[in-house]
Amino acid sequence: MSINWFPGHMVKARKEIQENLKLVDMVVMLLDARAPYSCRNPQLEKMIGPKKTIMVLNKMDLAPTADTRRHLEQLRGEGYLAAAMDSTSGKGSREVLQLIATAFAPVREDLQRRGRRIRPARVMIVGVPNVGKSSFLNFLAGKKMAKTGARPGVTRGKQWVRVRDDIEFMDTPGLMWPKIDSVEQGLKLALLDIVGEKAYQEYDASLYLLQVLKEKAPQVLHEKLKLDNLDRPDQELLEDIGRKKGHLVKGGDVDVEKTCNVLLQDFRKGKLGRLSLE
Ligand SMILES: Nc1nc2c(ncn2[C@@H]2O[C@H](COP(=O)(O)OP(=O)(O)OP(=O)(O)O)[C@@H](O)[C@H]2O)c(=O)[nH]1
Ligand SMILES: [Mg+2]
């Protein structure tokens, strides 16, 4: 299976981002804390080039803290300013704002030195679909200004939001790149609801999730999904999950489609606990 998902509106979004990059002082790139590397869009990073970039691991509430700490260290090792945040509660937001102030300091000092008016920092928020760009802005703005949604592709046009006197943000639509080469990366993006549901089979994504759970969190399979013997083919495990949860079709067979759908939703909502995919 290869994931191939690049809807037409993204061509437009890419062009808009490219043009607007000239107008901003820095970029805040949101990554899903559960799989930050798979969320990195090579095309987007190329477009951003040397422009100051802050990496934010959003949805930190859904990832194990130790993994998030490891990812932050790696990003800092690459030379990025980096922080983690939960845009639903606002945890971590102060640190993100602090990093923005740090990144803007040289521009600010330069304006001051030249006796110019100090203008707000202009910050563009970018990232693949559904990582929480609009939610992040809504939290910082303290009110609902940008439309959010549980499906990828909610934000279409660009939007400017004045969060405080000293920062202006530009929300942008989630941007994918035309072809995801690795099957594993595609499956991670599918699990995180970043690629549209037409691009993959929920059955394949569910089997991949089972593999991750077996490797990283077998207790979830035992305790939350009530499986006793894990030493069976994944297809059987999936059926067993459906049977235990009572997802059955008429006649008593397991409703595999429903089992997969519920399993994926449970993972996405954090009902299986904090789980990192990388
Ligand atoms: N648990 C959790 N959920 C979040 C967080 N941030 C956003 N979400 C949820 O993730 C979903 C997507 O959020 P959006 O803010 O619409 O994402 P977006 O990046 O703007 O998406 P597009 O505009 O489609 O590119 C929504 O259901 C949010 O409630 C977070 O930090 N933690
Ligand atoms: Mg959005």
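Residues numbered from 1 in each chain as written. Chains lettered and ligands numbered in written order. Predicted model: local features only at pLDDT ≥ 70, side-chain atom pairs only at ≥ 80, totals over all residues. Heavy atoms only, no water.

A few words now on the environment of Y37. Relative to the helices and strands, Y37 is located in the loop between β1 (26-32) and α2 (42-48). Taking the C-alpha atoms as reference points, Y37 and E278, 241 residues apart in sequence, are found 7.9 Å from one another. Discounting residues that sit within four places of it in the chain, Y37 has contacts with H71, Q74, L75, E78, Q185 and E278. Of note is the side chain of Y37, whose polar atom sits 3.4 Å from the side chain of Q74. (Helix = DSSP H or I, 4+ residues; strand = E, 2+ residues; numbered from the N terminus. Contact = heavy atoms within 4.5 Å. Polar contact = N/O pair within 3.5 Å; in protein donor to acceptor, adjacent residues only side chain to side chain.)

It is worth spelling out the packing of helix α7 (residues 202-216) against helix α10 (residues 256-268) at this point. Running from N to C, α7 and α10 point in directions that differ by 55 degrees, and their axes come no closer than 9 Å. With respect to α10, the axis of α7 lies oblique. In this structure, α7 crosses over α10, and the sense of that crossing is left-handed. Between α7 and α10, the contacting residues are E202, Y203, A205, S206 and L209 on the first element and V256, E257, C260, N261, L263, L264 and F267 on the second. A breakdown of the residues in the contact of α7 with α10 according to their chemical character gives 8 nonpolar, 2 polar and 2 charged. (Axes fitted to C-alpha atoms, helices over the stretch in contact; angles between N-to-C directions. Parallel < 35°, antiparallel > 145°, perpendicular 65-115°, else oblique. Left-handed = near helix turned anticlockwise from the far one by under 90°. Nonpolar A, V, L, I, M, F, W, Y, C, P; charged D, E, K, R; others polar.)

For the rest of this paragraph, the subject is the packing of aromatic side chains. By convention here, two paired aromatic rings are described through the distance between centres and the angle between planes. Under the counting rule described, the total for this entry stands at 1 aromatic pair. Here F136 and F169 contribute two aromatic rings whose centre-to-centre distance is 6.1 Å and whose plane-to-plane angle is 85 degrees, an arrangement assigned as edge-to-face. With F136 in helix α5 (residues 133-141) and F169 in strand β6 (residues 167-171), this pair connects stretches of sequence that are 33 residues apart. Considered together, F136 and F169 belong to a single accessibility category, that of buried residues. (Phe/Tyr/Trp six-rings, centres within 6.5 Å; stacked < 30°, edge-to-face > 60°. Buried < 20%, exposed > 50% of the residue type's maximum accessible area, 1.4 Å probe, protein only.)

It is worth spelling out the domain arrangement of the protein at this point. One can read the domain layout of the protein as domain 1 (8-171) and domain 2 (201-268). The gap between the C-alpha centroids of domain 1 and domain 2 is 35 Å. (Domains from an automatic or database assignment.)

Every other side chain in a regular strand lies on the same face of the sheet, so the side chains alternate between the two faces. Along β1, 7 of the 7 residues are buried, which leaves the element largely enclosed by surrounding structure. Side chains of β1 alternate between two faces, with M26, V28, L30 and D32 and V27, M29 and L31 buried alike. In the sheet, β1 pairs with strand β2 (residues 53-58) via 6 bridges, with the strands oriented parallel. Considered in β2, the bridge of D32 is made with N58. For the segment spanning β1, α2 and β2, crossover handedness is right-handed. (Pairing = 2+ DSSP bridges. Right-handed = clockwise from strand over helix to strand, strands pointing away.)

A separate point is the packing of α7 against helix α9 (residues 234-245). Look at α7 against α9: their axes get within 10 Å of each other, and the N-to-C directions meet at 95 degrees. Relative to α9, the element α7 lies roughly perpendicular. Every residue of α9 that contacts α7 at Y203, S206, L207, L210, Q211 and K214 is listed here: D234, Q235, L237, L238 and I241.

Okay, unusual backbone geometry next. Phi angles above zero are rare outside glycine, and K59 is one such case at about 60 degrees. Locating K59 in the fold gives a position in the loop between β2 and α3 (65-77). Non-glycine residue K226 carries a positive phi angle of around 60 degrees. Along the chain, the position of K226 falls in the loop between α8 (218-224) and α9.

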